[in-house]
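Below, each chain spelled out in residue letters.
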Amino acid sequence: MVSSRPKSGPSRGANVPPRRRSALISIRSFLITSLAVILAIGVSGLSAGGTYALWNKTQDVNVKAASVIVSGTAGLAVTTALAMPTTPMYPGLTVYGSAVVQNTSTSTSPLALSLRSTGLTLPVSNPFSQALTIGLATAKSAVDCSAGAVTSSWVTETFASPASATVGSPFPSGASTVLCVSATLSASAAPNAAENQSVSNFTVAIDGIQN
C-alpha cells in the first residue's frame, strides 16, 4: 500500500554542498572571534582611563645630565723593586720573583686600574735569554709568589715576542698589588751555548689600564 502523505521537504542547508557549509562555519567563527578581540580592546582602553587615540600622542621631553663628568689622573708606582733569585738554572726549571705596585691615581672617586704588560727589554741578547719564557701574574704576597701560587692567569712572553695583555684584576687608587714574575728555561729548546751565560738588567714594562 502506498501512502498518500507528502514527503517532508529537505531540511535547511541540506542542499548546501559540504565545502560551502565549512566556509560558512569558518566565517561565523571568525566574526565571533573578531568581536571578542574588539571587546577586549575596548575594555582595556576603559580600564586604563583613556583611549588609543590618546596613547598615540607625542610629547617632547627635556633630558638633562644629572651629574658632571670629571677626569682624574692615573698613576702607578713601584714601591718594591722586582727581585729575581740568582739560582743557577737548568732546562725545565722555573724561578719566581716579585715586585709591589701601587695605584697612585687621583680622582674624586676611586679610580681602579689593571696592570698591563707592554713589553720586555734587555741590554744584550744571548742564547740563554733566547731560551727563556717570562710569565706575569698577580699574587697575594711575595711568599706566595716565590712558591708559584698566584691569583690570576699567567701572561707569558719571550724577549723575542713580548706580549700586550692585562695582568690580574683591577685594584683601586691607594691600594697595592704584588706582581709575580716567572722565568722558565725551556726544557727542549735550550741550546748548549746557553751554558754559563746570564741575563741581567732586563726590564718588564707595565702600565695601568682602566677597564
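## Some words on the overall build of the protein chain
- Scanning the protein chain for helices and strands turns up four helices and eight strands.
- Taken from N to C terminus, the helices and strands of the protein chain fall in the order α-α-β-β-β-α-β-α-β-β-β-β.
- Out of the 211 residues in the protein chain, the part that is buried amounts to 23%.
- A sequence separation of at least 24 residues applies to 77% of the contacts in the protein chain between residues at least 6 apart.
- Surface accessibility of the protein chain: about 14,700 Å² in total, with carbon and sulfur atoms responsible for 56%.

## So, the side chain of S98
- Along the chain, S98 falls in strand 2 (residues 94–103).
- Note on S98: relative accessible area 16%, which makes it buried.
- If sequence neighbours within four positions are ignored, S98 has contacts with A81, L82, A83, A142, C145, V178 and L179.

## Notes on the sheet that holds strand 7 (residues 176–185)
- Ordered in space as 1-2-7-4-5, the five strands form an open sheet in which the pairing is antiparallel. On the outer flanks of this sheet lie strand 1 (76–83) and strand 5 (155–157), each paired with one strand and no other. Ignoring which end each strand starts from, the neighbouring axes of this sheet average 20 degrees apart.
- Taken together, the eight bridges between strand 4 (residues 132–139) and strand 7 define a ladder with antiparallel strand orientation. Across the sheet, the residue bridging to L136 is V181, located in strand 7.

## Some words on unusual backbone geometry
- One non-glycine residue, N196, adopts positive backbone phi at about 60 degrees.
- Relative to the helices and strands, N196 resides in the loop between strand 7 and strand 8 (203–209).
- Owing to a relative accessible area of 85%, N196 belongs among the exposed residues under this scheme.
- Even without being glycine, N201 reaches a positive phi, approximately 55 degrees.
- Position of N201 among the secondary structure elements: in the loop between strand 7 and strand 8.
- The class for N201 is exposed, based on a relative accessible area of 65%.

## Thoughts on the sheet that holds strand 3 (residues 113–121)
- Spatial strand order, 6-3-8: three strands in an open sheet with antiparallel pairing. With partners counted over all chains shown, the strands left at the sheet margins are strand 6 (165–171) and strand 8, one partner each. For this sheet, the mean angle separating the axes of adjacent strands, direction not counted, is 30 degrees.

## Brief notes about the pairing of strand 7
- A large share of strand 7 lies buried, amounting to eight of its ten residues.
- Alignment of strand 2 against strand 7, held across nine bridges, turns out to be antiparallel. Of the residues in strand 7, the one forming a bridge with G97 is V181.

## Some remarks on the confidence of the model for the protein chain
- Within the protein chain, residue pLDDT values average 78, and 67% of them lie at 70 or more.
- A low-confidence stretch, residues 20–25 (pLDDT under 50), is modelled with three contacts involving residues beyond four sequence positions or located in other chains.
- With pLDDT under 50 throughout, residues 41–50 is counted as low confidence; its partners more than four residues away or in other chains account for five contacts.

Rules and cut-offs
Residues numbered from 1 in each chain as written. Predicted model: local features only at pLDDT ≥ 70, side-chain atom pairs only at ≥ 80, totals over all residues. Heavy atoms only, no water. Helix = DSSP H or I, 4+ residues; strand = E, 2+ residues; numbered from the N terminus. Buried < 20%, exposed > 50% of the residue type's maximum accessible area, 1.4 Å probe, protein only. Contact = heavy atoms within 4.5 Å. Areas by Shrake-Rupley, 256 points an atom, 1.4 Å probe, with all protein chains shown as cover. Pairing = 2+ DSSP bridges. Axes fitted to C-alpha atoms, helices over the stretch in contact; angles between N-to-C directions. pLDDT = per-residue confidence, 0-100.

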